[in-house]
Amino acid sequence: MVIMRKGDAIQRLQSLQPFLNRFSYATVGLFGRDEPAVILRVACEAAPDPTMLSGLDQLLAMVDEGNCMTYNDPRRGVSKRVLVGPNGKIEGVRLTGETAARDWLKELIAEGRPATELRAWVLAPADKPPQGGEGRGQIVCNCLNVSAKDIQAGIDAGLDLPGLQQQLKCGTSCGSCVPEIKRMVAR
């Protein structure tokens with residue numbers, strides 16, 4: 001199971017702490033820069049109890065049926081819920097029993113992009129966004145949220161390290177990504 005929820009991230013992280021010992025494996029943390037979100041990752045031998053899932057949905061304010069898309073297949077142990085805000089952006093996701101879409105949904109939440117075009121696909125068991133979309137890929141510069149694809153596009157346009165730093169700002173904050181950017185430029 002994976003649960004991601006935007007808004008009040010620190011408070012939600014603390015409220016999820018008591019749930020960690022209920023599973024064989026569970027972690028909770030934060031992701032995103034401008035507006036952090038909480039993420040709970042769980043692995044267990046059997047599907048979580050529907051009452052517990054309902055409690056988690058309540059705790060994370062993901063119960064507004066008018067704004068939640070849901071999918072339930074109790075026979076297979078699959079239950080999904082996606083909360084879309086009034087601005088068309090995904091604010092929360094719970095994937096239980098099947099989590100293939102977790103990475104691209106996490107990226108969508110972190111970037112705060114509208115989910116309008118992808119709305120029909122958010123409950124699908126797809127490990128890549130539809131329409132051949134690849135997503136942004138690995139983030140190289142965590143400080144400024146610059147992906148390997150962004151950097152490669154700059155390199156393909158003829159930018160060197162100083163040019164990338166000037167245009168994308170990558171490698172200009174803490175500098176820990178500079179060696180990786182140099183390797184990319186050298187290739």
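Thresholds applied
Residues numbered from 1 in each chain as written. Predicted model: local features only at pLDDT ≥ 70, side-chain atom pairs only at ≥ 80, totals over all residues. Heavy atoms only, no water. Buried < 20%, exposed > 50% of the residue type's maximum accessible area, 1.4 Å probe, protein only. Helix = DSSP H or I, 4+ residues; strand = E, 2+ residues; numbered from the N terminus. Pairing = 2+ DSSP bridges. Axes fitted to C-alpha atoms, helices over the stretch in contact; angles between N-to-C directions. Parallel < 35°, antiparallel > 145°, perpendicular 65-115°, else oblique. Left-handed = near helix turned anticlockwise from the far one by under 90°. Contact = heavy atoms within 4.5 Å. Nonpolar A, V, L, I, M, F, W, Y, C, P; charged D, E, K, R; others polar. Core = buried A, V, L, I, M, F, W, Y, C linked by side-chain atoms within 4.5 Å. Salt bridge = Lys/Arg side-chain N within 4 Å of Asp/Glu carboxyl O.

### Some words on the pairing of strand S1 (residues 2–6)
Counted residue by residue, S1 has five buried out of five residues, so it is predominantly covered. Side chains of S1 alternate between two faces, with Val 2, Met 4 and Lys 6 and Ile 3 and Arg 5 buried alike. Bridging between S1 and strand S3 (residues 37–43) involves five bridges; their strand directions are antiparallel. Of the residues in S3, the one forming a bridge with Ile 3 is Leu 40. Bridge count between S1 and strand S6 (residues 90–96): four bridges; the pairing is antiparallel. By the bridge assignment, Met 4 is partnered in S6 with Val 93.

### Comments concerning the packing of helix H5 (residues 161–168) against helix H6 (residues 178–186)
Running from amino to carboxyl end, H5 crosses H6 at an angle of 120 degrees, the nearest separation of the two axes being 10 Å. Here H5 is positioned oblique relative to H6, judged by the angle of their axes. Crossing angle aside, the handedness with which H5 passes H6 is right-handed. Listed contacts from H6 to Leu 161, Leu 164 and Gln 165 of H5 are Val 178, Ile 181, Lys 182 and Val 185. Its residues placed into classes, the contact of H5 with H6 shows five nonpolar, one polar and one charged.

### Topic: the nonpolar core
Ranked by internal contacts, the top residues of the largest apolar core, which has 19 residues, are Met 4, Val 82, Ile 90, Val 93, Leu 105, Ile 109 and Val 122. Elements that contribute at least two residues to this core include exactly S1, S3, strand S5 (78–84), S6 and helix H3 (102–111). Here the element with the most residues in this core is H3; it accounts for four residues. Ranked by size, the runner-up nonpolar core spans 17 residues in total, among them Ile 3, Ala 26, Leu 56 and Cys 68.

### A word on the sheet that holds S6
With antiparallel pairing, six strands are arranged side by side in an open sheet as S2-S3-S1-S6-S5-S4. The open sheet has two free edges, formed respectively by strand S2 (25–31) and strand S4 (68–73), since each of these has just one partner strand. Neighbour-to-neighbour, the strand axes of the sheet open up by a mean angle of 10 degrees, direction not taken into account. Alignment of S5 against S6, held across six bridges, turns out to be antiparallel. From the neighbouring strand, Leu 83 faces S6, where its bridge partner is Gly 92. Strands S1, S5 and S6 of the sheet are contacted by helix H2 (residues 50–59), whose axis makes an angle of about 170 degrees with S6.

### Focus on the pairing of S5
Within S5, seven of the seven residues are buried, leaving the element largely enclosed by the surrounding structure. The alternating pattern of S5 places Val 78, Lys 80, Val 82 and Val 84 and Ser 79, Arg 81 and Leu 83 on opposite faces, both of which are buried. With six bridges connecting them, S4 and S5 associate as antiparallel partners. What sits directly across from Tyr 71, in S5, is Lys 80. Counting the residues in the hairpin turn of S5 and S6 gives five residues, including Gly 88, whose phi is positive at 85 degrees.

### Points about unusual backbone geometry
Even without being a glycine, Ala 61 presents a positive backbone phi close to 55 degrees. Structurally, Ala 61 is set in the loop between H2 and S4. We classify Ala 61 as partly exposed; its relative accessible area is 37%. In this structure, Lys 169 takes a positive phi of about 70 degrees despite not being glycine. Among the structural elements, Lys 169 can be located in the loop between H5 and H6. Lys 169 gets classed as partly exposed once you look at its relative accessible area, which sits at 43%.

### Let's talk about the pattern of salt bridges
If you walk through the whole model with that rule in mind, you get seven salt bridges. Of the charged contacts, one joins Arg 81 and Asp 57 as a salt bridge, the two residues approaching to 3.2 Å between their closest N and O atoms. Of this pair, Arg 81 sits in strand S5 while Asp 57 sits in helix H2, placing them 24 residues apart in sequence. Considered together, Arg 81 and Asp 57 belong to a single accessibility category, that of buried residues. For Arg 76, the salt bridge is made with Asp 73, and the minimal N-O distance between the two is 3.4 Å. Counted as one network, the salt bridges with shared partners bring together Asp 57, Arg 81 and Arg 94.

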